[in-house]
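# A look at the structure
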Amino acid sequence: MEKVLVAGATGATGKHIVDLLKESPYFEPFAMIRKEDQKVSFEAQNVNWVLGDVSEDIKHTCKGMDKVIFAAGSGGKNVVEIDQEGAKKLIDASQFNKVKKFIMLSSMGTDQPKQSDDLQEYLEAKQNADRHLKNSDLNYVIVRPGALTNENPTNHIKLAHKLNSQGSISRADVAQTLVRVLKDGIADKETFEILKGGILISKAIDNNSVGIG
């Protein structure tokens, strides 16, 4: 089984990711936590954990890891420190440790931050992080969802390199998408957007059903 480091494992989307990886026959989750007292819930689930704070040196967190998912977020606070520089640190750590694939949870609107009135700083931070990943030597997938909700999973999405519409998608469906693209040979070095839609997640990704749904 491949070892997958999940940055943001204690967050709402990250918890979905860890739950999916726990049930996978292919991947073993390693939850990245900022404080040691956060280990209790993961140990109760028999999930491995790694101590690391993206605002500090985190080179050690990627040692021995096969793949990395960055699903950490500042929640609108310290966006440059967490969403930008934290992501860049994890990208560099992944490259140093020769991680095979890096999955970035980004956001719709990242390609044109100035079009947003209230999210410009956040989207610029995400844009800079995405650019850093594309310029690295890593194999990667950048997934850009619309507004995240806590609705139940639908197991269906709308996917395109560029969706000319806005909307929302459940965190559970985003997590499924991130886990799906972990596999080798799927969406390598691709950037795409996703919203709630009508195509099964596996079909949308595996068959590259762009613009359908």
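Criteria and thresholds
Residues numbered from 1 in each chain as written. Predicted model: local features only at pLDDT ≥ 70, side-chain atom pairs only at ≥ 80, totals over all residues. Heavy atoms only, no water. Phe/Tyr/Trp six-rings, centres within 6.5 Å; stacked < 30°, edge-to-face > 60°. Buried < 20%, exposed > 50% of the residue type's maximum accessible area, 1.4 Å probe, protein only. Lys NZ or Arg CZ within 6 Å of the ring centre and 35° of its normal. Pairing = 2+ DSSP bridges. Helix = DSSP H or I, 4+ residues; strand = E, 2+ residues; numbered from the N terminus. Contact = heavy atoms within 4.5 Å. Axes fitted to C-alpha atoms, helices over the stretch in contact; angles between N-to-C directions. pLDDT = per-residue confidence, 0-100. Polar contact = N/O pair within 3.5 Å; in protein donor to acceptor, adjacent residues only side chain to side chain.

What the rule picks out here adds up to 1 aromatic pair. Look at Tyr26 and Phe27: their rings are 6.4 Å apart centre to centre, the planes differ by 65°, and that puts the pair in the edge-to-face class. On the basis of relative accessible area, Tyr26 is assigned to the partly exposed category, the value being 48%. Since its relative accessible area comes to 3%, Phe27 is described here as buried. Cation over ring: Lys59 sits above Phe96, and NZ or CZ is 4.4 Å from the ring centre.

Turning next to the sheet that holds strand β3 (residues 48-51). Strand order in the open sheet formed by 9 strands is β3-β2-β1-β4-β5-β6-β10-β8-β11, and the pairing between neighbours is mixed. Each having just a single partner strand, β3 and β11 (199-200) make up the two edges of the open sheet. As defined by bridge partners, strand β1 (residues 2-7) adjoins strand β4 (residues 67-70) across 4 bridges and the pair is classed as parallel. Bridged to Ala7 within β4 is Phe70. Where helix α4 (residues 120-134) meets the sheet, its contacts fall on β4, β5 (101-105), β6 (140-145) and β10 (190-196), and the angle it forms with β6 comes to roughly 160°. Across the face of the sheet, helix α5 (residues 171-180) comes into contact with β2 (27-33), β4, β5, β6, β8 (156-160) and β10 while running at roughly 160° to β5.

Time to look at the confidence of the model for the protein. As a general rule, the predicted coordinates of low-pLDDT regions are not to be interpreted in detail. Averaged over the protein, the pLDDT score is 93; the fraction of residues at 70 or greater is 97%. Within the model, pLDDT remains below 50 along residues 209-213, and this stretch shows 17 contacts once partners closer than five positions in the same chain are excluded.

Turning to the environment of Ala172, a few remarks are in order. Within the fold, Ala172 resides in helix α5. By relative accessible area, which is 7% here, Ala172 ends up buried. With 138 residues separating them along the chain, Ala172 and Arg34 place their C-alpha atoms 23 Å apart. Apart from residues no more than four positions distant in its own chain, Ala172 is found in contact with His16 and Pro153.

Time to look at the side chain of Ser106. The residue Ser106 is located in the loop between β5 and α4 in this model. Accessibility expressed as a relative area gives 4% for Ser106, which makes it buried. Side chain to side chain, Ser106 and Thr110 meet in a polar contact 3.4 Å long. Setting aside its immediate chain neighbours within four residues, Ser106 contacts Lys126, Asp130, Ile142, Val143, Arg144 and Pro145.

Quick look at the side chain of Ser24 now. With respect to the secondary-structure elements, Ser24 resides in the loop between α1 (12-22) and β2. Side-chain polar atoms of Ser24 contact the backbone nitrogen of Phe27, separated by 3.2 Å.

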